[in-house]
Amino acid sequence: MTEIERADAGAAGRRGGGGSPHAYRVRGLSRSGVVLWIGGRDDEPDRVLTSPAPESRRVPLFATARQARVYARRQGRRLATSEVDTLELVRVERWLEDPGRRHVPPGAVLEAWNFFDDLARGLDAAHRLPSQGAARHGAYERLFGNECAEWTPDERRAVLALLRAGVALWNSCPVTLRPRSGGASV
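Thresholds applied
- Residues numbered from 1 in each chain as written.
- Predicted model: local features only at pLDDT ≥ 70, side-chain atom pairs only at ≥ 80, totals over all residues.
- Heavy atoms only, no water.
- Axes fitted to C-alpha atoms, helices over the stretch in contact; angles between N-to-C directions.
- Helix = DSSP H or I, 4+ residues; strand = E, 2+ residues; numbered from the N terminus.
- Parallel < 35°, antiparallel > 145°, perpendicular 65-115°, else oblique.
- Contact = heavy atoms within 4.5 Å.
- Nonpolar A, V, L, I, M, F, W, Y, C, P; charged D, E, K, R; others polar.
- Buried < 20%, exposed > 50% of the residue type's maximum accessible area, 1.4 Å probe, protein only.
- Arc of directions from axis to C-beta.
- Phe/Tyr/Trp six-rings, centres within 6.5 Å; stacked < 30°, edge-to-face > 60°.
- Lys NZ or Arg CZ within 6 Å of the ring centre and 35° of its normal.
- Salt bridge = Lys/Arg side-chain N within 4 Å of Asp/Glu carboxyl O.

*Asks:* Which residues make up the packing of helix α5 (residues 134–144) against helix α6 (residues 153–172), and what values do they have?
*Replies:* Following both chains from N to C, one finds α5 and α6 inclined at 90°, their axes separated by 8 Å at the closest point. Relative to α6, the element α5 lies roughly perpendicular. Facing A135, R136, G138, A139 and R142 of α5, the residues of α6 in contact are D154, E155, A158, V159 and L162. Considering only residue class, the contact of α5 with α6 consists of 5 nonpolar, 1 polar and 4 charged.

*Asks:* Which residues make up helix α3 (residues 89–97), and what are the values?
*Replies:* Along α3, the residues that are buried comprise L89, V92, E93, W95 and L96. Seen along its axis, α3 keeps its buried residues to an arc of 160°; they face one direction.

*Asks:* Go over the packing of aromatic side chains, please, and point to the residues and values.
*Replies:* Under the defined criterion, the tally for this structure stands at 6 aromatic pairs. Centroid distance F115 to W170: 5.4 Å. Interplanar angle 75°. Geometry classified as edge-to-face. In this pair, F115 is assigned in helix α4 (residues 106–123) and W170 in helix α6, connecting sequence segments 55 residues apart. Accessibility expressed as a relative area gives 0% for W170, which makes it buried. Members of the aromatic cluster, connected to one another through ring pairs, are Y24, F115, F116 and W170. Positioned above the aromatic ring of W170, the side-chain terminus of R31 is 5.6 Å from the ring centre.

*Asks:* Explain α5 residue by residue, including any values.
*Replies:* Given 3.6 residues to a turn, an α-helix orients residues that are three or four positions apart in the same direction. Three or more residues of α5 are buried, namely R136, G138, A139 and L143. Down the axis, α5 shows its buried residues gathered within 165° of arc, on one side only. In α5, those exposed residues whose orientation departs by more than 90 degrees from the buried face are A134 and F144. Contact partners of the buried residues in α5: α4 and α6. Looking at the residues trailing α5, positive phi occurs at N146, about 55°.

*Asks:* So what's going on with unusual backbone geometry? Which residues, and what values?
*Replies:* Leaving glycine aside, a negative phi is the common case for residues, and trans is the common case for peptide bonds. Unusually for a residue other than glycine, D124 sits at a positive phi of about 55°. Relative to the helices and strands, D124 is located in the loop between α4 and α5. Of note, the phi angle at N146 is positive, near 55°, even though the residue is not glycine. We classify N146 as exposed; its relative accessible area is 54%.

*Asks:* Lay out the pattern of salt bridges with the relevant residues and their values.
*Replies:* According to the stated counting rule, one finds 9 salt bridges in the structure shown. Note that D124 is salt-bridged to R57, the shortest N-O span being 3.4 Å. One end of the pair, D124, is in the loop between α4 and α5; the other, R57, is in the loop between β3 (47–48) and β4 (59–61), and 67 residues separate them in sequence. Residue R57 is classed as buried on the basis of its relative accessible area, which comes to 6%. Where D154 meets R157, a salt bridge forms, and the shortest distance between an N and an O atom there is 2.3 Å. With D154 and R157 both in helix α6 and 3 residues apart, the pair spans about one turn of that helix. Take D154: its relative accessible area is 46%, and that puts it in the partly exposed class. Within the structure, one salt-bridge network assembled from shared partners comprises R94, E97 and R102.

What follows is the structure, encoded as structure tokens:
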């Protein structure tokens, strides 16, 4: 069984198996790299690929999309697409430095929000993000509709709390740099 299949099998025991992997580039101020993102099957949620061992869950992190592609190929998998989407997390981090004076980058905020949820699922670290609630749900709906200017004060606080916690999770989560594609764990 390959590392990706083991990670999928581990996910199956927690919340359903994974679909085809996608390479996803994250560009942040403190940490950047390419991760493998797994689309959920059927109604299952998406997640960032992590090692299957719960006690040492790590995110495989690659310097290039080519490294991620080679890794997946050596695992007997093909990426779902040759295209690599990029999360410009730097834009979100810059906005978080002074949200009262800077314009909300809605596309980057939406992508970051989704990435942080998927990262937390992959790491089994949902407890590291603020809990779901009416303000968070309302803020997401407005963000999805590109209506950030309509956020209530509670919604804005919920967005800021989620993004700050998500950035902290990304910058502190354990990673394996350029993981081997052989028998070593991811």
